[in-house]
Amino acid sequence: MSVFQHRIIKFLQPVIFSNPGKRLIAWILVNMNFSLPVARLFESETLLAFFHPQPAYPFHVLITPKENIPDLMALDTHNSSFLNESYKVAQKIISDYQLDQSGYRLIVNGGNFQDFPLLHFHLISDKKPKQSKELS
């Protein structure tokens, strides 16, 4: 992330973390994800995987649907392609960044632990990966 992008996020943080701001971020992730200034690792018709703009861990990737799925409880059989692809993408990132050697976690938050009203997975590791490369 550039210094400029970091300053914009810092400036907008109070707005982003308000309830309307959280709903706006979820809407942007679904409807205008092409405009997000993020380091994309993978993108398809059903999902987007990118490095978290404000990582809480040395390695922190978000995997988000391109469809409005508010949380884990809203998933149904019609979302099976998103779920299948999410796990395949997570496996590819784990392999490409050799996270299986350093350890990793795939997390989904819900209820009061969910910051934005859009289902998303956090792929995290406490250690910086040995290899960094873009996925194809």
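Below is a summary of the structure that appears in this document. All values reported here derive from a predicted model rather than from experimental measurement.

1. Some remarks on the overall build of the protein
A tally of helices and strands in the protein yields 4 helices and 5 strands. Walking the protein from its N terminus toward its C terminus, one meets helices and strands in the order α-α-β-β-β-α-α-β-β. Relative to its 136 residues, the protein shows a buried fraction of 35%. Considering only contacts in the protein between residues 6 or more positions apart, those separated by 24 or more positions represent 57%. Summing over all exposed atoms, the protein offers an accessible surface of approximately 8300 Å²; the carbon and sulfur share of this is 58%.

2. So, the nonpolar core
Of all hydrophobic cores here, the largest spans 17 residues; its most connected members are Phe59, Val61, Ile63, Ile93 and Leu123. With 5 residues, the single largest contributor to this core is helix 3 (residues 80-96). Residues contacting Val61, with those up to four places away along its chain left out, are Leu41, Ala49, Phe50, Phe51, His52, Ile93, Phe121, His122 and Leu123.

3. So, the sheet that holds strand 5 (residues 121-125)
Strands belonging to one sheet form pairs held by backbone hydrogen bonds; the direction of such a pair is parallel or antiparallel. The 5 strands are arranged 1-2-3-5-4 in an open sheet whose pairing can be described as antiparallel. Of all the strands in the sheet, the pair left with one neighbour each is strand 1 (40-43) and strand 4 (105-108). If you compare each strand with its neighbour and ignore which way they point, the axes differ by 20 degrees on average. Sheet analysis places strand 2 (residues 47-51) next to strand 3 (residues 59-65), joined by 5 bridges and oriented antiparallel. By the bridge assignment, Ala49 is partnered in strand 3 with Ile63.

4. Observations concerning the packing of aromatic side chains
For the structure shown, the criterion picks out 5 aromatic pairs. Taking 5.6 Å as the distance between ring centres and 85 degrees as the angle between the ring planes, the aromatic pair formed by Phe51 and Phe59 counts as edge-to-face. Residue Phe59 is classed as buried on the basis of its relative accessible area of 2%. Seen in terms of ring centroids, Phe51 and Tyr97 are 6.0 Å apart; in terms of plane orientation they differ by 85 degrees. Their pairing is edge-to-face. Taken together, the residues Phe51 in strand 2 and Tyr97 in the loop between helix 3 and helix 4 (99-102) connect sequence positions 46 residues apart. Relative accessible area serves as the criterion here: at 2%, Tyr97 is assigned to the buried category. Three or more aromatic residues joined by ring pairs form one cluster here, namely Phe51, Phe59 and Tyr97.

Parameters and conventions
- Residues numbered from 1 in each chain as written.
- Predicted model: local features only at pLDDT ≥ 70, side-chain atom pairs only at ≥ 80, totals over all residues.
- Heavy atoms only, no water.
- Helix = DSSP H or I, 4+ residues; strand = E, 2+ residues; numbered from the N terminus.
- Buried < 20%, exposed > 50% of the residue type's maximum accessible area, 1.4 Å probe, protein only.
- Contact = heavy atoms within 4.5 Å.
- Areas by Shrake-Rupley, 256 points an atom, 1.4 Å probe, with all protein chains shown as cover.
- Core = buried A, V, L, I, M, F, W, Y, C linked by side-chain atoms within 4.5 Å.
- Pairing = 2+ DSSP bridges.
- Axes fitted to C-alpha atoms, helices over the stretch in contact; angles between N-to-C directions.
- Phe/Tyr/Trp six-rings, centres within 6.5 Å; stacked < 30°, edge-to-face > 60°.

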